[in-house]
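Summary of structural features
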Amino acid sequence: DQQVKQNSPSLSVQEGRISILNCDYTNSMFDYFLWYKKYPAEGPTFLISISSIKDKNEDGRFTVFLNKSAKHLSLHIVPSQPGDSAVYFCAASPVITTDSWGKLQFGAGTQVVVTP
Amino acid sequence: DAGVIQSPRHEVTEMGQEVTLRCKPISGHNSLFWYRQTMMRGLELLIYFNNNVPIDDSGMPEDRFSAKMPNASFSTLKIQPSEPRDSAVYFCASSLAGATDTQYFGPGTRLTVL
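Summary of the structure given here.

Procedures and definitions
- Residues numbered from 1 in each chain as written.
- Chains lettered and ligands numbered in written order.
- Predicted model: local features only at pLDDT ≥ 70, side-chain atom pairs only at ≥ 80, totals over all residues.
- Heavy atoms only, no water.
- Pairing = 2+ DSSP bridges.
- Helix = DSSP H or I, 4+ residues; strand = E, 2+ residues; numbered from the N terminus.
- Polar contact = N/O pair within 3.5 Å; in protein donor to acceptor, adjacent residues only side chain to side chain.
- Contact = heavy atoms within 4.5 Å.
- Buried area = accessible area lost by both parts, 1.4 Å probe.
- Salt bridge = Lys/Arg side-chain N within 4 Å of Asp/Glu carboxyl O.
- Nonpolar A, V, L, I, M, F, W, Y, C, P; charged D, E, K, R; others polar.
- Phe/Tyr/Trp six-rings, centres within 6.5 Å; stacked < 30°, edge-to-face > 60°.
- Buried < 20%, exposed > 50% of the residue type's maximum accessible area, 1.4 Å probe, protein only.

Some remarks on the sheet that holds strand β7 (residues 62–67) of chain A
All names here are of chain A. The strand order across the open sheet formed by five strands is β1-β3-β8-β7-β6, and the pairing between neighbours is antiparallel. The sheet terminates laterally at β1 (4–5) and β6 (56–59), the two strands that pair on one side only. Where β1 meets strand β3 (residues 19–25), two bridges bridge the pair, whose relative direction is antiparallel. When the sheet's bridge partners are listed, valine 4 is paired in β3 with tyrosine 25.

Shown next, in the form of structure tokens:
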């Protein structure tokens, strides 16, 4: 079953505006969350991450917000640029225990198109 | 560094044929992952190796799939016999220090089984 869900398969935004990508998860054992970006014919590349002890992490134009009570995270891109057009994957990994090695679970991805 | 290298980049084969996908992880990385991407299921982990040892193969679909890592610089994913439903993009990824470290993905192999 899908433990990480990205309910919006696509998003179109104008250059210069904010892009907001959403991700929901169901497993309360997840404690580390990541966003990956993927261009066509390339593999995903790591973009930004957040630990469950934080509710916000910022890196340049990219900010990830985590709402643990709602089991929801979002990625904000401000301002959006044409080079940001890509598929964005949300991913989560659980607390490492004797039974769990920290396997990443990915969402299905959101296609972002930034128009001039 | 050259990054994770995968070959071939594209593979078209007929149902029933054996398919072998290859991966060379980043030098010095001790963890290797094989993923499959499909429209229906998104990106799903097939198998995870740590120090050349398979740690989790619960994502391998069935006995037709097998993976090996004979040394730190090479891994293969084999499908025998292949079926049309195996058509997907297969990614290999490696990380420096285990499953929780940043994973670096290769460009993928697009497999089409006719």
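Once you've had a look at it, read on.
Notes on the side chain of B:Ser31
Residue and element names in this part refer to chain B. Within the element layout of this structure, serine 31 appears in strand β4 (residues 31–38). Polar side-chain contacts of serine 31 include one of 2.9 Å to the side chain of asparagine 30. Engagement of the side chain of serine 31 in a polar contact is seen with the side chain of asparagine 50, the distance being 2.9 Å. Serine 31 has contacts with Tyr48, Phe49, Asn50, Ala93, Ser94, Ser95, Gly98 and Ala99, leaving out every residue within four places of it along the chain.

Re the interface of chain A and chain B
Listed per partner, the contact involves 18 residues of chain A and 20 residues of chain B. Around 1400 Å² of area is buried between chain A and chain B when both sides are counted, 64% of it from carbon and sulfur atoms. Looking only at chain A, the three residues that lose the most surface to chain B are A:Pro44, A:Trp101 and A:Phe106, adding up to 38% of its buried area. In this assembly, chain A and chain B are joined by zero salt bridges. In this structure, the connection of chain A to chain B is made through four residue pairs in polar contact (both at pLDDT 80 or more). The element that contributes the greatest number of residues to the side of chain A that touches chain B is strand β4 (residues 30–38) of chain A, accounting for three residues. In terms of residue class, the side of chain A that touches chain B is made up of eleven nonpolar, four polar and three charged.

A few points about the packing of aromatic side chains
Under the defined criterion, the tally for this structure stands at 13 aromatic pairs over all chains. For the pair A:Tyr25 and A:Phe33, a centre-to-centre distance of 4.7 Å together with 40° between the ring planes defines the contact as tilted. The exposure classification of A:Tyr25 matches that of A:Phe33, with both residues buried. Arranged with centres 5.6 Å apart and planes meeting at 80°, the rings of A:Tyr36 and B:Phe105 form a pair that is edge-to-face. Separated into two different chains, A:Tyr36 in strand β4 and B:Phe105 in strand β10 (residues 104–105) make up a pair that spans both. A relative accessible area of 1% means that A:Tyr36 is categorised as buried. The exposure class assigned to B:Phe105 is buried, which follows from its relative accessible area of 11%. Grouping aromatic residues by their ring pairs yields a cluster made of A:Tyr36, A:Phe46, A:Phe89, A:Trp101, A:Phe106, B:Phe33, B:Tyr35, B:Tyr48, B:Phe91 and B:Phe105.

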